[in-house]
Amino acid sequence: MADITKHILIPEKWVQSYSDYLYNYTITRVNNDDLAKDLVQETFFAGLKSMKNFQGKASERTWLISILKRKIIDYYRKTNSTKGKAEVRMNFYNDGEREGEWIEERVPNSWSSDTDKGIVNEELKSILESCIDDLPEKYSMVFRMKTIQGFETEEICKELDITASNLWVIIHRARTQLRRCMEDNWFNN
Amino acid sequence: MSKFFISCDETTTICDKNQYNEATFLDKMKLMVHFIICKHCKKYSKQNTFLSKIFGNYAEEQCREQKCMSHKDKEILEEKVKEKL
């Protein structure tokens, strides 16, 4: 009876049926074309390798996505342990009497008043993109998921295996670094 | 009482959270109290709203561009998967 609802794997059709879906899922998280393609490829390979573990409870696509998620998290962990750490630019004193207060040269500057004119502006867009890309990998990933893709906090926490307060600290650091970058490259230009 | 007096670092963290409408009522109270005594954070908050607007516009634009894999990339991938079968 269980056979009726049991899903089966047809790897010959994977690329044709799922590569766009998996690629799209990946590119919104890593924003690097080559890397996304690699991750999709790795997902298919890992799928082939562990075909015998497929129990047929979930659909083919769901199963592949769960592999891909692991791949993305692995990638995220890898970059997290190397890159990123040294790149954090601090805006606040982190010890001493003034702990938690703005460091003088990091205090928000005034922006010129005509800045809000060009919100839909190609140049602004490209500056924003390069500023997001300049963020440490982990920050840009969380920032993109939360702000650009509009994922729920809970969803991101689950996917990246972090706590909510962890997420807000990352968002906060990403945003303070971003505003600094936008300030240097756009508002005070 | 002292829990209403928070640092600039904490304030800006809450302020960022508030941009996504996820700050609690207590969080917002803390912000208000801090803004009275700190002009830097008040400015940060104001600019933050503006930045959110920019991010929002950018997000909308991104959604419109659905990204896919090219036909050629798919063919290459197809070959590789078949090799492994």
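Details of the structure are given in the entry above.
Positions within a chain are numbered from 1, following the residues in the order the chain's sequence is written. Ligands are numbered from 1 and chains lettered from A, in the order in which they are written. Note on the predicted model: pLDDT of at least 70 is required for a residue's local features to be given, and 80 or more for side-chain atom pairs to be given and counted; whole-chain, interface and lining totals, by contrast, use all residues. Based on all heavy atoms of the structure, the side-chain values leave hydrogens and waters out of the count.

J.: Mind showing me how you'd approach the overall build of chain A here?
T.: For helices the rule is a DSSP run of H or I covering at least 4 residues; for strands it is a run of E covering at least 2, with both sets numbered from the N terminus onward. Within chain A, the secondary structure is distributed over seven helices and zero strands. Mapped from its N terminus to its C terminus, chain A presents α and β elements in the order α-α-α-α-α-α-α. Throughout this description, buried means an accessible area under 20% of the type-specific maximum (1.4 Å probe, protein chains only), exposed means over 50%, and partly exposed covers the range between. Out of the 189 residues in chain A, the part that is buried amounts to 50%. Looking at chain A alone, contacts between residues at least 24 apart form 67% of all its contacts between residues at least 6 apart. Approximately 10,100 Å² of chain A is accessible, and the part contributed by carbon and sulfur atoms is 46%. Residues are treated as being in contact if the distance between any of their heavy atoms lies within 4.5 Å. In these tables, accessible area is a Shrake-Rupley quantity obtained with a 1.4 Å probe, and a residue counts as shielded only by the protein chains included in the view.

J.: Can you help me understand the overall build of chain B in this one?
T.: The secondary structure content of chain B amounts to four helices and zero strands. The secondary structure elements of chain B, listed N-terminal to C-terminal, are α-α-α-α. Out of the 85 residues belonging to chain B, those deemed buried represent 42%. A sequence separation of at least 24 residues applies to 58% of the contacts in chain B between residues at least 6 apart.

J.: Whenever I open this one, the interface of chain B and chain A confuses me. Can you help?
T.: Accessible area lost upon the coming together of the parts is a frequently used measure of interface size. Between chain B and chain A, the residue contacts involve 40 residues of the former and 50 residues of the latter. Buried area: the sum, over both parts, of the accessible surface (1.4 Å probe) that disappears when the two are put together. Approximately 4,400 Å² of surface area, both sides summed, lies buried where chain B meets chain A, with 67% of it carried by carbon and sulfur atoms. In the sections that follow, a salt bridge refers to a side-chain nitrogen of Lys or Arg positioned within 4 Å of a carboxyl oxygen of Asp or Glu. In this structure, the connection of chain B to chain A is made through four salt bridges. For the salt bridge of arginine 175 of chain A with aspartate 16 of chain B, the shortest nitrogen-to-oxygen distance reads 3.4 Å.

J.: Can you help me understand the pattern of salt bridges in this one?
T.: Between side chains of opposite charge, a pair can form when the charged atoms approach closely. Enumeration according to the criterion identifies 14 salt bridges over all chains in this entry. When the shortest N-O distance is used, the salt bridge between aspartate 20 of chain A and lysine 74 of chain B registers 3.0 Å. Of the two residues, aspartate 20 of chain A is situated in helix H1 (residues 14-30) and lysine 74 of chain B in helix H4 (residues 71-84); the pairing between them involves two chains. For aspartate 20 of chain A, a relative accessible area of 27% puts it in the partly exposed group. Linking glutamate 104 of chain A and arginine 98 of chain A is a salt bridge whose minimum nitrogen-to-oxygen distance equals 3.0 Å.

J.: Just checking my understanding: could you explain the packing of aromatic side chains for this structure?
T.: Ring pairs (aromatic) are described by centroid distance and by the angle formed between their planes. Here a Phe, Tyr or Trp ring, Trp counted by its six-membered ring, pairs with any other such ring whose centre lies within 6.5 Å, and the pair is stacked when the planes are under 30 degrees apart, edge-to-face when over 60, and tilted otherwise. Going through the model one piece at a time under the given rule, you end up with seven aromatic pairs over all chains. On the basis of an interplanar angle of 70° and a centroid distance of 5.0 Å, the ring pair of phenylalanine 54 of chain A and tryptophan 63 of chain A is categorised as edge-to-face. The exposure classification of phenylalanine 54 of chain A matches that of tryptophan 63 of chain A, with both residues buried. Centroid distance tryptophan 102 of chain A to tyrosine 44 of chain B: 5.6 Å. Interplanar angle 50°. Geometry classified as tilted. Here tryptophan 102 of chain A is found in the loop between helix H3 (60-81) and helix H4 (122-134), whereas its partner tyrosine 44 of chain B is found in helix H3 (residues 39-64) on a different chain. Take tryptophan 102 of chain A and tyrosine 44 of chain B: they sit in the same class, and that class is buried. Directly above the aromatic system of tyrosine 21 of chain A lies the positively charged group of arginine 61 of chain A, at a separation of 3.9 Å from the ring centroid. Two limits define a charge over a ring: the Lys NZ or Arg CZ must be within 6 Å of the ring centre, and within 35 degrees of the ring normal. One residue, lysine 84 of chain B, lies across the ring of phenylalanine 45 of chain A, its end atom 4.4 Å from the ring centre.

J.: It is not clear to me how the state of the cysteines should be interpreted in this structure. Could you clarify?
T.: Two cysteines, two sulfur atoms, one covalent bond between them: this is a disulfide. In what follows, a disulfide is any cysteine sulfur pair within 2.5 Å. Going through the model one piece at a time under the given rule, you end up with one disulfide over all chains. Disulfide pairing is shown between cysteine 131 of chain A and cysteine 181 of chain A; the S-S distance is 2.0 Å. Between cysteine 131 of chain A and cysteine 181 of chain A the disulfide shows an S-S torsion of about -80°. By sign, it is left-handed. Remark: cysteine 181 of chain A occurs in helix H7 (residues 164-187) and cysteine 131 of chain A occurs in helix H4; sequence separation between them is 50 residues. You'll find cysteine 131 of chain A and cysteine 181 of chain A in the same group, each marked buried. In this structure cysteine 8 of chain B is a free cysteine whose sulfur lies 3.9 Å from that of cysteine 41 of chain B, the closest cysteine sulfur available.

J.: Hey, could you run me through the packing of H1 of chain A against H4 of chain B in this one?
T.: For any two helices packed against each other, one specifies the crossing angle of their axes together with the interaxial distance. To define axes, lines are fitted to C-alpha atoms, for helices over the stretch in contact only, and angles between the resulting N-to-C directions are given on a 0 to 180 degree scale. Two numbers describe how H1 of chain A lies on H4 of chain B: the axes approach to 10 Å, and their chain directions differ by 125°. Compared by their axis directions, H1 of chain A and H4 of chain B come out oblique. Once H1 of chain A is placed against H4 of chain B, the crossing between them reads as right-handed. Contacts between H1 of chain A and H4 of chain B involve Val15, Gln16, Ser19 and Asp20 of chain A from the former and Lys74, Leu77, Glu78 and Val81 of chain B from the latter. Roughly parallel means an angle under 35 degrees; roughly antiparallel means over 145; roughly perpendicular covers 65 to 115; every other angle is labelled oblique. Handedness of each helix crossing follows the sense of rotation of the near helix against the far helix: counterclockwise by less than a right angle gives left-handed, clockwise gives right-handed.

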